[in-house]
Amino acid sequence: MELAGIKMKNPVMVASGTFGNGREYNDYIDLNKLGAIITKSVTLLPREGNPSPRIVETPAGLLNSIGLQNEGIDYFLKEDLPFLAKFDTPIIVNIAGESVEEYAELARRLSKESMVKGIEVNISCPNVKLGGMTFGVDPKLTKEVISAVRKATTQPIIAKLTPNVTDIKVIGLAAVEAGADALSAINTVVGMAIDIETGRSRLGKLTGGLSGPAIRPIALRMVYELAHSVKVPVIGLGGIMSGSDAVEFLLAGAKAVQVGTANFVDTQASVRIAQEIAEYVHRHPRALNFS
Amino acid sequence: MTQGGSNPVKKARGGFEPPDDCFADSSLNHLGTAPREKAGDGVRTRDLLLGKQKLYQLSYSRDILYDTIYTMPIQERCRILDHQKISATLFKLTLASSYISTHASPGQFVQIKCSGTNDPLLRRPISLHRWSAEHKTFELLYEVVGRGTELLTKYSVNEELDIIGPLGSGFTVDPTKKIHILVAGGMGVAPLRALAEAIKGTGGKAIYVLIGSRSKEAVFCESDFRKLTDQVVISTDDGSAGKKGFVSDILLSFLENELTTPNSELTTIYACGPNPMLKAIAEIAWQKKIDCQLSMEERMACGIGACKGCAIKTKGGFKMVCKDGPVFDAKEIVWN
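As the structure is a prediction and not an experimental result, all values here were calculated from the model.

A. Focus on the sheet that holds strand 2 (residues 90-96) of chain B. Residues and elements named next belong to chain B. Pairing in this closed barrel of 6 strands is antiparallel, and the strands run 1-2-5-4-3-6 around the ring. Here the average twist between neighbouring strands, direction ignored, is 45°. Here strand 2 runs beside strand 5 (residues 137-143); their pairing, made up of 7 bridges, is antiparallel. Directly across from Thr 94, in strand 5, lies its bridge partner Glu 139.

Have a look at this one:
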């Protein structure tokens, strides 16, 4: 199959931030069996991340406040990309900036790398002070970021959207108008958990981003809305734990899915889900329309 | 967050208090111990994997990717051979695994899926208590501290559990050291038993164990340690067994008054327990200029280094408890 010019063996990608940069899972699964690998958000400079505790489990969900911990673009190009390049799986690099210029600079740096098959633009991280979600909640800023990235690269661009908006369609249309080749939805839902014994947040930072099965119905609704209002492919994610979860997104109009939090629970999740989708397609040959 | 719960400040040092919150057990439940695998074991690991075991493992290239010594973990289903209730909240689980039983080292842990559903969502990290390469089994000692561990108690013999392990970097035994002091707080005893065995295995002679607990009922593994080591000192917060007080205070008086031939240079302290206790022990070790290894606790999601959730501050920046640890050199930790 092909999505926004990216050739994939199956519609299952691993979501940014849930798969490290591939190494961590190479012990457990054959990375060649994935539709695509989306790397953990990379920033221009190394980021050390937020204070601990960074995660807390909530009912059927996971609240995190990692804060885009990563080694920066130089390290990524030197260490992570050559490792990932050894596999026969498209690499999509997720980028995050604190300003429009930073996003553009990251895209420029990556545009020279032939191993990079696409760029996912993170305008939806809820755990950083500057950048991230501040862009993705405003159609004007979304347009600015995506336009700047569009000018910096000819690689396919995927805009990763936040659910923390009144109308995700407005943001999606703005991203497409600015040149996004695909949309991925959704990033985490902003949430909180309080320790009633101390009266303090259970996270080191006040709020975090909720992922996992708890947000799946929200994600599914938003993917449906986007798929029926934009002309570019929509990639669905949010709490997909099984093949049947993934099929729901595909039936809602997504052209591919991303598996995120499930990777933390089951190292086999992404490969298993790809297989379960194939079994579904076998049982319902005409239900899904893969191009 | 410490195993003891969400509020380390209110907790007594050296003691252990089960938390009220139902998700507390997503942080590493009792950590622990042993010498690391020697370089070259990656090859052995691979050979084993290519053998007759039915494993999920599909990719064997790990040993060429890492310069450091590393034992490759696997995800597998392990059959329960025995599941015993030891006290009101303490359980011992014996599982079958020819891989984990031959690759574990003291201080490492496993990640267990405690239910077949999505709630609770995450695995629970539990440190390896004992293992037998001969019998191809390993044991976990766990305390019920939340919904995950509560669900774990429902599993019975012959059922299977989905387990990832052995995980993390455990204790290191330096054979040039002559005095080994193991300090446990509450469930911190779980990984230290295997460490005591490992130290004995390296020819280590003077092994002392200090166990701190909230009360008499919460002192675990005392008789095991009596058989294995030279001296066991018990302390409880309420004085119901052994000495009354925090185990860190007991450690200080032990170092100053009870060691017949104290020698800081030849001593190592190994500690496992709630973080406030570890902090107190780190301070003592620093003052006395004694080598000290701590098994740290932090909430975990994946357990394999991918999510960056279990970060702790060290002099070299944030490190992951699940992969860089759980055992760290006490001098490296930056305390809050």
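B. The nonpolar core, seen in detail. If you look at the biggest cluster of nonpolar residues, it comprises 132 residues, and the most contacted ones within it are Ile 95 and Val 121 of chain A together with Ile 181, Val 183 and Ile 269 of chain B. Residue contributions to this core reach at least three from each of two domains, namely domain 2 (74-167) and domain 3 (179-332) of chain B. Discounting chain neighbours no more than four positions away, the residues touching Ile 181 of chain B are Tyr 208, Leu 210, Leu 251, Phe 254, Leu 255, Leu 259, Thr 267, Thr 268, Ile 269 and Tyr 270 of chain B. Counting residues in hydrophobic clusters, the runner-up holds 28 residues, among them Val 173, Leu 192, Val 209 and Ile 211 of chain B.

C. How the structure looks around the environment of Val 116 of chain A. Note on placement: Val 116 of chain A falls in strand 8 (residues 116-122). Taking C-alpha positions, Val 116 of chain A is 8.6 Å from Ala 85 of chain A, a pair spaced 31 residues apart along the chain.

D. Representation of helix 5 (residues 189-201) of chain B within the structure. All names here are of chain B. In this model, helix 5 (13 residues) spans 19 Å end to end at C-alpha, consistent with the 18 Å of a helix rising 1.5 Å per residue. Among the 13 residues of helix 5, 10 are classified as buried, and the element is accordingly described as predominantly covered. Among all positions of helix 5, only Val 189, Ala 190, Pro 191, Leu 192, Arg 193, Ala 194, Leu 195, Ala 196, Ala 198 and Ile 199 are buried. Packing partners of the buried residues in helix 5 comprise strand 4 (124-132), strand 5, strand 7 (179-185), strand 8 (206-213), helix 6 (222-228) and strand 11 (267-272).

E. Structural detail: the interface of chain A and chain B. Tallying the contact residues gives 46 residues for chain A and 46 residues for chain B. Here chain A and chain B share an interface that buries about 3,800 Å² over both sides, 55% of which is from carbon and sulfur atoms. The interface formed by chain A and chain B holds 2 salt bridges in total. For the salt bridge of Glu 57 of chain A with Arg 124 of chain B, the shortest nitrogen-to-oxygen distance reads 2.7 Å.

F. Region of interest: the sheet that holds strand 14 (residues 208-211) of chain A. Residue and element names in this part refer to chain A. The strand order across the open sheet built from 4 strands is 5-6-14-11, with neighbouring strands paired in antiparallel fashion. In this open sheet, the two edge strands, each paired with only one partner strand, are strand 5 (55-58) and strand 11 (189-191). Between one strand and the next, the sheet's axes are offset by a mean angle of 35°, whatever the strand orientation. In the sheet, strand 5 pairs with strand 6 (residues 61-64) via 4 bridges, with the strands oriented antiparallel. Paired with Ile 55 across the bridge in strand 6 is Asn 64.

G. Geometry of the pairing of strand 5 of chain B. Residues and elements named next belong to chain B. Counted residue by residue, strand 5 has 7 buried out of 7 residues, so it is predominantly covered. Judged by which residues are buried, strand 5 turns out to be covered on both faces: Thr 137, Glu 139, Leu 141 and Glu 143 on one side and Phe 138, Leu 140 and Tyr 142 on the other are all buried. As paired strands, strand 4 and strand 5 are joined by 4 bridges and run antiparallel to one another. Looking across to strand 5, one finds that Trp 131 is bridged to Phe 138.

H. Representation of the side chain of Asp 266 of chain A. Summarising the element assignment, Asp 266 of chain A is placed in the loop between helix 9 (262-265) and helix 10 (269-283). Of the polar contacts made by the side chain of Asp 266 of chain A, one reaches the backbone nitrogen of Gln 268 of chain A; its length is 2.9 Å. Not counting the four nearest positions on each side in its chain, Asp 266 of chain A is found in contact with Arg 272 of chain A together with Gln 75 and Arg 123 of chain B.

I. Geometry of the packing of aromatic side chains. For the structure on display, the rule yields 6 aromatic pairs over all chains. Ring geometry for Phe 19 of chain A and Tyr 25 of chain A: centres 4.3 Å apart, planes at 5°, overall stacked. Look at Tyr 25 of chain A and you get buried, because its relative accessible area is 0%. With a centroid separation of 5.9 Å and an interplanar angle of 80°, the aromatic rings of Phe 171 of chain B and Tyr 270 of chain B are classed as edge-to-face. Of this pair, Phe 171 of chain B sits in the loop between strand 6 (160-167) and strand 7 while Tyr 270 of chain B sits in strand 11, placing them 99 residues apart in sequence. Both residues of the pair, Phe 171 of chain B and Tyr 270 of chain B, count as buried.

J. Quick look at the state of the cysteines. This model, assessed by the stated rule, comprises 0 disulfides over all chains. Cys 322 of chain B takes part in no disulfide bond, and the closest cysteine sulfur to it belongs to Cys 310 of chain B, at a distance of 3.7 Å.

K. View of unusual backbone geometry. Residues and elements named next belong to chain B. In this structure, Pro 166 follows Gly 165 across a cis peptide bond, with omega equal to -10°. If you trace the backbone, Pro 166 turns up in strand 6. Residue Pro 326 is bonded to the preceding Gly 325 through a cis peptide linkage, with omega at 15°. Relative to the helices and strands, Pro 326 is located in the loop between strand 14 (317-320) and strand 15 (327-329). Positioned with a positive phi, Lys 136 is a non-glycine residue whose angle comes to about 55°. Mapping Lys 136 onto the fold places it in the loop between strand 4 and strand 5. Unlike most non-glycine residues, Asn 158 shows phi in positive territory, near 85°.

L. A look at the packing of helix 3 (residues 100-111) of chain A against helix 5 (residues 139-152) of chain A. Residues and elements named next belong to chain A. Running from amino to carboxyl end, helix 3 crosses helix 5 at an angle of 25°, the nearest separation of the two axes being 8 Å. Considering their axes alone, helix 3 and helix 5 lie roughly parallel with respect to each other. Handedness of the crossing formed by helix 3 with helix 5: right-handed. Between helix 3 and helix 5, the contacting residues are Val 100, Tyr 103, Ala 104, Ala 107, Arg 108 and Ser 111 on the first element and Glu 144, Val 145, Ala 148, Val 149 and Ala 152 on the second. Grouping the constituent residues of the contact of helix 3 with helix 5 by class yields 8 nonpolar, 1 polar and 2 charged.

The rules we used
Residues numbered from 1 in each chain as written. Chains lettered and ligands numbered in written order. Predicted model: local features only at pLDDT ≥ 70, side-chain atom pairs only at ≥ 80, totals over all residues. Heavy atoms only, no water. Pairing = 2+ DSSP bridges. Helix = DSSP H or I, 4+ residues; strand = E, 2+ residues; numbered from the N terminus. Axes fitted to C-alpha atoms, helices over the stretch in contact; angles between N-to-C directions. Core = buried A, V, L, I, M, F, W, Y, C linked by side-chain atoms within 4.5 Å. Buried < 20%, exposed > 50% of the residue type's maximum accessible area, 1.4 Å probe, protein only. Domains from an automatic or database assignment. Contact = heavy atoms within 4.5 Å. Expected span 1.5 Å × (residues − 1). Buried area = accessible area lost by both parts, 1.4 Å probe. Salt bridge = Lys/Arg side-chain N within 4 Å of Asp/Glu carboxyl O. Polar contact = N/O pair within 3.5 Å; in protein donor to acceptor, adjacent residues only side chain to side chain. Phe/Tyr/Trp six-rings, centres within 6.5 Å; stacked < 30°, edge-to-face > 60°. Disulfide = S-S within 2.5 Å. Parallel < 35°, antiparallel > 145°, perpendicular 65-115°, else oblique. Left-handed = near helix turned anticlockwise from the far one by under 90°. Nonpolar A, V, L, I, M, F, W, Y, C, P; charged D, E, K, R; others polar.

In short, shape yes, function no, at least from these values alone.
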